Amino acid sequence: MNRRRFLQQSTAGMLAVNLAAGQSASPLIASMDKITLKRGRDGSGPSWFHPRPCVVPSKDGPVVFMTMQEIRGSDFFLPVHWMESRDLGQTWSEPQPVPPLGRDPTTDGRGDEGVCDVVPQYHAKTGTVLALGHNVFYRGPKFDRNQPPRCPVYAVYKDGRWSERKRLIWDDPRGATIYTNNCGQREVLEDGSIAFVMSFGAKQTSRSAAGVRCSFDGETLAIEKVGREIKHVAGRGLLEPSLVRYRGKFYATLRAEDNRGYVAASDDGLDFEEKQPWCWDDGTPLEMSTTQQHWLPHSEALHLVYTRKDTSNANVIRWRSPLFMAQVDLTTLRLLRDTERVVLPMGGDGVNAPDEVPLMGNFQTTNISANESWVTDGEMLPKHGYKGDLVLGKIRWSRPNALV
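Bear in mind the structure is a predicted one, so any value in this text is a computation, not a measurement. (Residues numbered from 1 in each chain as written. Predicted model: local features only at pLDDT ≥ 70, side-chain atom pairs only at ≥ 80, totals over all residues. Heavy atoms only, no water.)

This part is about the overall build of the protein. Of the regular secondary structure elements, the protein holds 1 helix and 29 strands. Rg of the C-alpha trace for the protein: 20 Å, near the compact-globule value of 22 Å for 404 residues, within the 12% margin. Looking at the protein as a whole, 55% of its 404 residues qualify as buried. A sequence separation of at least 24 residues applies to 56% of the contacts in the protein between residues at least 6 apart. (Helix = DSSP H or I, 4+ residues; strand = E, 2+ residues; numbered from the N terminus. Rg over C-alpha atoms; globule rule 2.2 N^0.38 Å. Buried < 20%, exposed > 50% of the residue type's maximum accessible area, 1.4 Å probe, protein only. Contact = heavy atoms within 4.5 Å.)

Glancing now at the pairing of strand β3 (residues 63-73). Counted residue by residue, β3 has 10 buried out of 11 residues, so it is predominantly covered. Where strand β2 (residues 48-56) meets β3, 7 bridges bridge the pair, whose relative direction is antiparallel. Across the sheet, residue C54 finds its bridge partner in β3, namely F65. Taking the residues that link successive antiparallel strands as the turn, the β2-β3 hairpin has 6 residues, and the phi of G61 there is positive, at about 115 degrees. Both β3 and strand β4 (residues 76-85) contribute to a ladder of 8 bridges, which runs antiparallel. From the neighbouring strand, G73 faces β4, where its bridge partner is F76. (Pairing = 2+ DSSP bridges.)

It is worth spelling out the packing of aromatic side chains at this point. Any aromatic ring pair is given by two values, namely how distant the centres are and how the planes are angled relative to each other. Applying the stated criterion to the full structure yields 13 aromatic pairs. Seen in terms of ring centroids, W170 and F200 are 5.2 Å apart; in terms of plane orientation they differ by 70 degrees. Their pairing is edge-to-face. Within this pair, whereas W170 is found in the loop between β12 (166-167) and β13 (178-180), its partner F200 is found in strand β15 (residues 194-201), the two being separated by 30 residues in sequence. For the pair shown, W170 and F200 are each scored as buried. (Phe/Tyr/Trp six-rings, centres within 6.5 Å; stacked < 30°, edge-to-face > 60°.)

The strand order across the open sheet formed by 4 strands is β1-β29-β28-β27, and the pairing between neighbours is antiparallel. Every interior strand has two partners, whereas the edge strands, β1 (29-38) and β27 (363-369), have only one. Looking at each pair of strands side by side, their axes are set apart by 20 degrees on average, direction ignored. Where strand β28 (residues 372-378) meets strand β29 (residues 390-397), 7 bridges bridge the pair, whose relative direction is antiparallel. Of the residues in β29, the one forming a bridge with W374 is K394. (Axes fitted to C-alpha atoms, helices over the stretch in contact; angles between N-to-C directions.)

Most of strand β8 (residues 128-139) sits out of view: 11 of its 12 residues are buried. In terms of strand pairing, strand β7 (residues 112-123) meets β8 through 10 bridges, oriented antiparallel. Within β8, the position partnered with P120 by the bridge is A131. Between the end of β7 and the start of β8, which pair antiparallel, lie 4 residues, with G127 showing a positive phi angle near 65 degrees. Pairing analysis gives 6 bridges linking β8 to strand β10 (residues 152-158), with the strands arranged antiparallel. Paired with H134 across the two strands is P152, which belongs to β10. Both β8 and strand β9 (residues 142-143) contribute to a ladder of 2 bridges, which runs antiparallel. When the sheet's bridge partners are listed, R139 is paired in β9 with K142.

Attention shifts here to the sheet that holds strand β21 (residues 276-277). Spatially, β18-β19-β20-β21 is the arrangement adopted by the 4 strands of the open sheet, whose pairing is antiparallel. If you trace the sheet from one side to the other, it starts and ends with β18 (239-246) and β21, each paired once.

Let's shift gears to the confidence of the model for the protein. Residues with a pLDDT of 70 or more make up 94% of the protein, whose mean pLDDT is 94. Counting interchain partners and residues more than four positions distant, the pLDDT-below-50 stretch residues 1-24 has 18 contacts. (pLDDT = per-residue confidence, 0-100.)

Before going further, it helps to examine the side chain of T376. With respect to the helices and strands, T376 occurs in strand β28. Polar side-chain contacts of T376 include one of 2.8 Å to the backbone oxygen of P51. Among all residues touching T376, those that are not within four sequence positions of it are P51, R52, P53, M66, F363, Q364, V391 and L392. (Polar contact = N/O pair within 3.5 Å; in protein donor to acceptor, adjacent residues only side chain to side chain.)

What follows concerns unusual backbone geometry. Cis rather than trans, the peptide bond between S321 and P322 has omega equal to 0 degrees. By the element assignment, P322 lies in the loop between β23 (301-306) and β24 (323-329). The backbone of D75 shows a phi angle near 55 degrees, a positive value even though the residue is not glycine. For D75, the position within the fold is in the loop between β3 and β4. The exposure class assigned to D75 is partly exposed, which follows from its relative accessible area of 38%. The backbone of L88 shows a phi angle near 55 degrees, a positive value even though the residue is not glycine.

All right, on to the pattern of salt bridges then. Within the structure shown, the criterion is met by 24 salt bridges. The salt bridge involving E379 is made with R41; its shortest N-O contact spans 3.0 Å. On the criterion of sequence distance, the pair formed by E379 in the loop between β28 and β29 and R41 in the loop between β1 and β2 is long-range, its members being 338 residues apart. Its relative accessible area of 2% is what places E379 among the buried residues. The residue R139 makes a salt bridge to D144 at a minimum N-O spacing of 3.5 Å. (Salt bridge = Lys/Arg side-chain N within 4 Å of Asp/Glu carboxyl O.)

In structure tokens form, the structure reads like this:
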């Protein structure tokens, strides 16, 4: 363990002891604001989707590097683009294509192979940004409902240049139909290796998940270890897993298709304990409809950002608005209901006019600085040409985040 990680965990541990001993603390969240970064709902610009930032250090200060892509229909995306901000989100460069993460004709002539669900992450040991997503296939202007086998694909950005597109290889029959970490949060470990949780299946239904450890030398990502299989039989199984390492343990949150989301813990990020549904602290399960969740870690508390059923959004598709956040009880792995806040509010009437409510749910959480974290999302209105704004929920902390 390096000195910085030791100090971070020691600080977090002392804070936890003080709070457990009954010492009072002011609310951790000082304020939250919604900011529209780019307009697309009114048709004045593209409808950017999957907006996912990471922070890249530079001699002139931190650079926020974001990937996203335009949405034109159900699971139908244009090539991946990127933009950056050198003033912590006040101004942005114009979006430009990521050449290796575009679309190419398939060799069998049936359509195009593209890339989606990309998450960029800075890799300190090599000074690179690893942009990892997965491939996707189209027939004409639509998502191909008969998808060929799918897998993770990635490109590496360094010194203003992109590498070629590469595939993450896993020769295991359990992933014959699909294996992926799409939209997932990953952890870069002290030795430069990368930990994440992978969703996989030999058929379209009942996908499993497992912890994965990869090597990365700045050019090639390679799977070194795969942990114990986490199984789930409902619908397509376990999807879009996200991983966080917090206070010496690893935690995975998993999308599912049985009106639940799931959480599991691990000491090493490979072998996870039995998964359990997300519940409130009184044991009541949250109703979640096949939508991803993501972690938001602060040195004083671990939060989850998610969607769920509520009286206000009863008729919204998959209850995909608003976005909520709540603190996680690390002992029970339940959400503390009294801490729940709305990060990105619902636009419109989710009961009487649900088709006019911009959907959210394909979002990202990012610690930008010690005092500020973001939740970024691309809205969409399926009944109105999938138009939507690129939005940012800015969270300001009342006390610095020692993890940044």
